[in-house]
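Here's the letter readout for the chains.
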Amino acid sequence: MSRLIFLRLLQAIPTLWVIATLTFFMTRFAPGGPFDSEKVIPEEIKIKLEAHFGLDRPLFEQYILYIQNLLRGDLGPSFKYPEWEVSELIATAFPVSLTLGVLSFIIALLIGIPGGMIAALRRNTWMDYLPMGLSMAGICLPTFVLGPLLIFVFSTQLALFPPLGWYGASDWVLPSLTLGLFYAAYIARLTRAGMLETLQQDYIRTARAKGASSWRILTKHAARGGLLPVVTFLGPAFAGLISGSFVIESIFFIPGLGKFFVTAAFNRDYTMVLGTVLFYATLIICLNLVVDLIQALLDPKARQAK
Amino acid sequence: MKPEKSSSLGKDAWLRLRANRMAMVSLFILVAVGLLSLLGPMLSSHAYDEQNLDRIFENPNSTYLFGTDNLGRDLFARTTYGGRISLSVGLLATFVSLIIGVTYGMISGYAGGRVDAWMMRMVDVLYALPFIIFVILLMVMFGRNFLLLFLAIGAVEWLTMARITRAQTLNLKKAEFVEAARALGFSHTRILFRHLLPNLIGPIIIYATLTVPAVMLLEAVLSFLGLGVQAPMSSWGSLIKEGAEKMDAAPWLLLFPGSFFCLTLFSLNFLGDGLRDALDPKSSKD
């Protein structure tokens, strides 16, 4: 197990290096620079600013310098807000996105797994068709349609929750619901498919023959195998929650990392863009590793293969 | 005695698909939406960008089937025109991803060994990339270029296609007909494209049907963030964005493009499922 973790972390290094290089040159070859949009800056100050940030040096030298700083764990100062370090900006904005993501995730699991299990157990009855019909609708209803609809119903009409902002717990409800329902729909379908397959296995029949209660069969025997596809989906789902938060943050005016990133890209804030991309990439790599570990714990076959 | 009529693989699949009611309904909806998008802008007496400031925020009525927006533009024309853009982005970007993914996957699977290991290693590395971030970055940095939109979306959607094609190729290349072709001295290119590719069509079509909605969703997300199509042009994503902003004053602005978009995604997903059952009966779960 520890060998697996070590190997995967070792693999992460070239991956991150490729990402850093790609992003670095992509941002630099794009037209415009961080100090172009400011019309108020006189030419000589702009030159000084660029010299201060090393933008006047040859591109390759800048690249080497950036990678060197990166190896020391230094993401550099933001070009747009020079008094802030990129890491400080990420540390301010990310907890907001994380709260949103974790809440949505909990909603998705709490609705999706029971929904899928009921559908699998009561197959081809209305208790199967209803949740599955709803989940198909949930998958096809994108967050940017669902979000405004929820605002319309729960803020404009019923005045239950505030339509935008991120100040207190009541602000959290609509955004997390918007983001969570989509994944709930997906998880419900995966759970149903996984459970249906597992329930046909011989060991389930054995357990039933031995007189185990259906509740015990469900929680003890079937859930372990049946939820494997769900676990596999968790990694991509979490990554999707992060990117999905871009849209949610722009619908509900939430000051999360997604909004910071889009603004930074518009502003050509090179270091902020690079820092955010690397941060997200690291996060996704770690999450995938965690998912693989959980999978290995649940599935003896996968454990042996590794 | 009548000789038993043999039926081809394609005919079999079509018969199975026809028996699937949901898939046929989806196919019908898709054809209808497609035709409406193709012909709608011509049927409407108003151009999609024609402004009429005397008739803003009009409810759906006989002149303006879907109502008008804040500049008095005809929503019917805008929705159907948006359909053209959204559908063509979906199809073209899927096509781009198809070409890249299938070629890559076939070469990797056919070559095998170290080449295969390295090529798949690359795919793994790319899988770890936060795609949406790169697409956003591309669109912001290089401007909202329509061609770039296709390429960017196509370039990020090919990975799964490559994996599927590779797995299939790995299985197929040990088959006897490939061995026979090799024994006859055919070139690798000929074996790849004349012998292997036709046998890969099934899974490719299935996955492509499922890629189209994914691509359309991505385009809509970009348009929603203000990075896709710009007004006065429209796509379903950009119309939904406008609709969401003016929802309180004119709910139909969200309702019509939203329904078209959701209905299309819905149908594509069902059609994809139906095709999977029809083309590959073994893989169907229940």
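Residues numbered from 1 in each chain as written. Chains lettered and ligands numbered in written order. Predicted model: local features only at pLDDT ≥ 70, side-chain atom pairs only at ≥ 80, totals over all residues.

A. Representation of the overall build of chain A in the model. In terms of regular secondary structure, chain A is built from 13 helices and zero strands. Across chain A, helices and strands are ordered from the amino to the carboxyl terminus as α-α-α-α-α-α-α-α-α-α-α-α-α. Dimensions along the principal axes, computed over C-alpha positions, put chain A at roughly 85 × 55 × 30 Å. Counting over 306 residues, chain A shows a buried share of 37%. Sequence-distant contacts, at least 24 apart, represent 75% of the contacts inside chain A between residues at least 6 apart. (Helix = DSSP H or I, 4+ residues; strand = E, 2+ residues; numbered from the N terminus. Buried ≥ 20, exposed ≤ 12 C-beta atoms within 10 Å, placed from the backbone. Contact = placed C-beta atoms within 7 Å.)

B. Broad picture of the overall build of chain B. From N to C terminus, chain B includes ten helices and zero strands. Counting helices and strands in the order they occur from the N terminus, chain B gives α-α-α-α-α-α-α-α-α-α. Its C-alpha atoms put chain B at 75 × 60 × 30 Å along the principal axes.

C. Spatial organisation of the confidence of the model for chain A. Across chain A, the average pLDDT comes to 79, with 92% of residues at 70 or higher. Element-level mean pLDDT values for chain A span from 57 in helix α13 (residues 300-305) of chain A up to 86 in helix α4 (residues 86-121) of chain A. (pLDDT = per-residue confidence, 0-100.)

D. Spotlight on the interface of chain A and chain B. If you look at the interface, chain A gives 35 residues, while chain B gives 28 residues. At the level of secondary structure, the elements contributing two or more residues to the side of chain A that touches chain B comprise α1 (2-29), α5 (126-140), α6 (143-157), α7 (169-199), α10 (228-252), α11 (257-267) and α12 (270-298) of chain A. The dominant element in the side of chain A that touches chain B, judged by the number of residues it contributes, is α12 of chain A, at seven residues. Split by residue class, the side of chain A that touches chain B holds 28 nonpolar, six polar and one charged. (Nonpolar A, V, L, I, M, F, W, Y, C, P; charged D, E, K, R; others polar.)

E. Just the environment of L17 of chain B, in detail. Residue and element names in this part refer to chain B. With respect to the element layout, L17 can be found in helix α1 (residues 9-19). Look at L17 and you get partly exposed, because 17 C-beta atoms sit within 10 Å. For the pair L17 and R276, spaced 259 residues apart in sequence, the C-alpha separation works out to 9.2 Å. Each residue touching L17, except ones within four places of it in the same chain, is listed here: A23, G274, L275 and A278.

F. Highlighting α11 of chain A. Residue and element names in this part refer to chain A. Counting buried positions along α11 yields eight of eleven residues, so the element is predominantly enclosed. Considered for burial, the residues of α11 that qualify are L257, G258, F260, F261, V262, A264, A265 and N267. Backbone geometry just after α11 places R268 at a positive phi near 60°.

G. Summary view of the nonpolar core. Formed by 133 residues in total, the largest nonpolar core has its most connected members in I187 of chain A together with V135, I136, L225 and I240 of chain B. For this core, the element with the highest residue contribution is helix α10 (residues 252-279) of chain B, accounting for 14 residues. Each residue touching I240 of chain B, except ones within four places of it in the same chain, is listed here: F144 and V145 of chain A together with A220, F224, L254, P257, G258 and F261 of chain B. (Core = buried A, V, L, I, M, F, W, Y, C linked by C-beta atoms within 7 Å.)

H. How the structure looks around the packing of helix α3 (residues 75-111) of chain B against α10 of chain B. Residues and elements named next belong to chain B. Packing of α3 against α10 brings their axes to within 10 Å, and their N-to-C directions diverge by 30°. In terms of orientation, α3 lies roughly parallel with respect to α10. Like other packed secondary-structure pairs, α3 and α10 cross with a definite hand, here right-handed. For the pair formed by α3 and α10, the contact residues are L75, T79, G82 and G83 on the first element and W252, L253, F256, P257 and F260 on the second. Along the lines of polarity and charge, the residues of the contact of α3 with α10 split into six nonpolar, three polar and no charged. (Axes fitted to C-alpha atoms, helices over the stretch in contact; angles between N-to-C directions. Parallel < 35°, antiparallel > 145°, perpendicular 65-115°, else oblique. Left-handed = near helix turned anticlockwise from the far one by under 90°.)

I. Spotlight on helix α8 (residues 202-209) of chain A. In terms of burial, α8 of chain A is largely open, as just zero of its eight residues are buried. Trailing α8 of chain A by a residue or two, G211 of chain A shows a phi angle of about 90°, which is positive.

J. Fine view of the environment of A32 of chain B. Within the secondary structure, A32 of chain B is located in helix α2 (residues 21-43). Taking the C-alpha atoms as reference points, A32 of chain B and T209 of chain B, separated by 177 residues in sequence, lie 17 Å from one another.

K. Here's a closer look at the packing of α6 of chain A against α7 of chain A. Residue and element names in this part refer to chain A. Running from N to C, α6 and α7 cross one another at 140°; their axes reach a closest spacing of 9 Å. Compared by their axis directions, α6 and α7 come out oblique. Pair α6 / α7 crosses with right-handed handedness. Contacts between α6 and α7 involve T143, L146, G147, L150, I151 and F154 from the first element and L174, L177, T178, L179, L181 and F182 from the second. The residue makeup of the contact of α6 with α7, split by class, is nine nonpolar, three polar and no charged.

L. Representation of the confidence of the model for chain B. Residue and element names in this part refer to chain B. On average, chain B scores 79 in pLDDT, and the residues at 70 or more come to 91%. When pLDDT is averaged over each helix and strand of chain B, the minimum, 75, is found for helix α5 (residues 131-141) and the maximum, 87, for α3. The ipTM for the predicted assembly is 0.71, set against a pTM of 0.77.

M. Seen up close, unusual backbone geometry. All names here are of chain A. For F253, which is not glycine, the phi dihedral falls at a positive 55°. As for its position among the elements, F253 is in the loop between α10 and α11. For F253, a count of 13 C-beta atoms within 10 Å puts it in the partly exposed group.

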